[in-house]
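Residue-level structural notes
The primary structure of each chain is shown beneath.
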Amino acid sequence: MAQTPRRLTPHRSALHGFGAALRQWRECRGLSQRALGRLVHVSGDLIGKVEKAERWPSARFVESCEGALQTDGELARFLSDLESERRLTSVGYRLADGAEGQLRASIDHPDKPDLLRSWHELLAGLAIAGNRTGYAGMASTAHAQISVAAAIRRRSRSADRRDVLIAQALWAEFLSWIDEQSDAAEADAWLRRAQQHAIEADAPTLTSYVLMRQSQRALERFDPRNAIALAQRALEEVRLPGRIRALLLIRQAQAYAMGGDQNACAASIDKAHRVAGSADWGSELPIDVGVHCDLVYVAAHEAQCRLLLGQPAAAADLYEQLLRHWPAQWRVDEALWRSALSTAYVSIGDVERAATEATNALALATGTSSGRALRWLNPTAVALRQQPAVPEAAAFVLAYRQATLEACNH
């Protein structure tokens, strides 16, 4: 008695989607699993396991099946999503609870306006919450949304394809923030993926915003030349909203400061102040990705530029003014700026204030699980190790060592 083929769940993931598509095309060509296996030089058993999402198909396997079944690119279209999903699975990611049901519901109504609206509302809410409480625990939600978007885009033949690509780019960029806390390589990979989606969607504002983020990542690697080039490339887009342009000018200013060019840095910061204070917030994007770039944000980066230029006293004065009235919802950013203030105090020889401010920054960094803020505190920790006779310094160094060990264990 012939066995009933297992019911497949193509909307669960790219792996399941490929398996279902492979079975559909194999049966359409009238081939058994063993017959297809002979054509692509694998066993029929392997064909069955791939169809049931029990084995990962290699790129060579996908391409061989594409050639044997002549699917007009239908199977090959899964390659990039399979690669991304396999990488996520290798580090322990699985679909969050309820995500499979969301995938099915989304596929059933791919053109439903509520879906796009809910995506954007969720993303905006997570971004705000992330700066307030940290990004821990948000990755599974973001991955699930990307799975939803990828599944819809693979099957979309409507004008909404551009909107889905924009959503994918926005979620990929958000994941770069999450991974930036602990895995720089993954953060960069997500930004490259966001850039690909933004370009394919023909979304110049989003493309420029991702270039800004790549410029920011270059600064984190102490690569000012590349940071300037990326920012300048984005600034060539004439239709940029004011806040996005201000963010790009800030990245230029930071890079100039890192390279010691005080005049160019000052010119870029002055332009950023003027542009961030303008009323030009127009954009083709569904959410304002530059909403955080106000005059306070620009001033905080001006202080950082002064520190990079070797003007710690001026930097400390500006940081002190800003942090007296710092918005309570920006705790992740506050951790960064208090870390920078502690570095300024170290540079001007005020060890006790450096230790006190570093302790404040450390509390914020651990409270928000900000690996980036912990990295920013490292120069202060190195300097304060040389001050064991100062109780505040010794206490901070001990607490910092414990915090970094706990971060590594997680």
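Throughout what follows, the structure given in this document is the object of discussion. In this text, all values refer to a predicted model and were calculated from it rather than measured experimentally. (Residues numbered from 1 in each chain as written. Predicted model: local features only at pLDDT ≥ 70, side-chain atom pairs only at ≥ 80, totals over all residues. Heavy atoms only, no water.)

Let us look at unusual backbone geometry. Unusually for a residue other than glycine, Phe222 sits at a positive phi of about 60°. Examined against the element boundaries, Phe222 turns out to sit in the loop between helix H11 (204–220) and helix H12 (224–235). Judged by relative accessible area, Phe222 falls into the exposed class, the value being 66%. One non-glycine residue, Ser369, lies in positive phi territory at about 55°. Counting through the fold element by element, Ser369 comes out in the loop between helix H18 (351–367) and helix H19 (371–384). According to the relative accessible area criterion, Ser369 is partly exposed, its value standing at 45%. (Helix = DSSP H or I, 4+ residues; strand = E, 2+ residues; numbered from the N terminus. Buried < 20%, exposed > 50% of the residue type's maximum accessible area, 1.4 Å probe, protein only.)

Looking now at helix H16 (residues 312–324). Side chains three or four residues apart in an α-helix point the same way, a direct result of the helix having 3.6 residues per turn. Over its 13 residues, H16 runs 18 Å from end to end, which matches the ideal 18 Å to within 8%, given 1.5 Å per residue. When we look at burial in H16, the residues that qualify are Pro312, Ala315, Ala316, Leu318, Tyr319, Glu320, Leu322 and Leu323. As for H16, its buried residues are in contact with helix H15 (295–308), helix H17 (331–347) and H18. (Expected span 1.5 Å × (residues − 1). Contact = heavy atoms within 4.5 Å.)

We now examine the side chain of Gln168. The residue Gln168 is located in helix H9 (residues 161–180) in this model. Overall, the relative accessible area of 1% leaves Gln168 in the buried class. The residues contacting Gln168, other than those within four sequence positions of it, are Ala149, Ala150, Arg153 and His197.

With that settled, the discussion passes to the layout of surface pockets. Regions of empty space are outlined by a rolling probe, equal in size to a water molecule, passed over the atoms. Empty space within the largest pocket amounts to approximately 1,200 Å³. For the lining of the largest pocket, the elements supplying multiple residues, two or more each, are helix H7 (113–133), H9, H11, helix H13 (242–258), H15, H17 and H19. The biggest single contributor to the lining of the largest pocket is H17, with 7 residues. When grouped by side-chain class, the residues that make up the lining of the largest pocket number 26 nonpolar, 11 polar and 7 charged. (1 Å grid on protein atoms, 1.4 Å probe; cavity = no way out; pocket = protein on both sides within 12 Å on 5 of 7 lines; lining within 4 Å. Points joined across faces, edges and corners; volume = space filled by probe spheres on them. Nonpolar A, V, L, I, M, F, W, Y, C, P; charged D, E, K, R; others polar.)

This next bit is on the nonpolar core. In terms of nonpolar packing, the biggest core is built from 54 residues, with Trp119, Trp171, Phe174, Leu206 and Leu248 touching the most fellow members. If we ignore the near neighbours within four places in the chain, the residues touching Leu248 are Ser208, Met212, Ala231, Ala234, Leu235 and Leu240. One finds Trp330, Leu336, Ala365 and Leu377 within the second-largest nonpolar core, a separate group that totals 39 residues. (Core = buried A, V, L, I, M, F, W, Y, C linked by side-chain atoms within 4.5 Å.)

Counting across every chain of the model gives 6 aromatic pairs. Here a set of aromatic residues connected by ring pairs shows up, and it is made of Tyr319, Trp337 and Trp376. For Arg213, the ring lying beneath its charged end belongs to Trp177, and the centroid distance is 3.8 Å. (Phe/Tyr/Trp six-rings, centres within 6.5 Å; stacked < 30°, edge-to-face > 60°. Lys NZ or Arg CZ within 6 Å of the ring centre and 35° of its normal.)

Moving on, we get to the pattern of salt bridges. Following the criterion strictly, the structure yields 20 salt bridges and no others. Residues Glu173 and Arg213 are paired through a salt bridge, measuring 2.9 Å at the closest nitrogen-oxygen approach. Of this pair, Glu173 sits in helix H9 while Arg213 sits in helix H11, and the two are 40 residues apart along the sequence. As far as burial versus exposure is concerned, Glu173 and Arg213 are alike and both buried. (Salt bridge = Lys/Arg side-chain N within 4 Å of Asp/Glu carboxyl O.)

Bringing the packing of helix H2 (residues 33–40) against helix H4 (residues 59–69) into the picture now. It is at 9 Å that the axes of H2 and H4 come closest, and there the two elements cross at 110°. Viewed along their axes, H2 and H4 adopt a mutual orientation that is roughly perpendicular. Listed contacts from H4 to Leu36, Leu39 and Val40 of H2 are Ser64, Cys65, Ala68 and Leu69. Classifying every residue of the contact of H2 with H4 by side-chain character gives 6 nonpolar, 1 polar and no charged. (Axes fitted to C-alpha atoms, helices over the stretch in contact; angles between N-to-C directions. Parallel < 35°, antiparallel > 145°, perpendicular 65-115°, else oblique.)

On to the environment of Leu219. Within the secondary structure, Leu219 is located in helix H11. Between the alpha carbons of Leu219 and Gln254 there is a distance of 7.7 Å; along the sequence they are 35 residues apart.

We now examine the packing of H2 against helix H3 (residues 44–51). For the pair H2 and H3, the least separation of the axes is 7 Å and the interaxial angle reads 105°. Between H2 and H3, the angle is such that the two are roughly perpendicular. Along the contact surface, H2 presents Gln33, Arg34, Leu36, Gly37 and Val40, while H3 presents Gly44, Ile47, Gly48 and Glu51. In the contact of H2 with H3, the residues fall into 3 nonpolar, 4 polar and 2 charged.

That is the geometry; function is a separate question.
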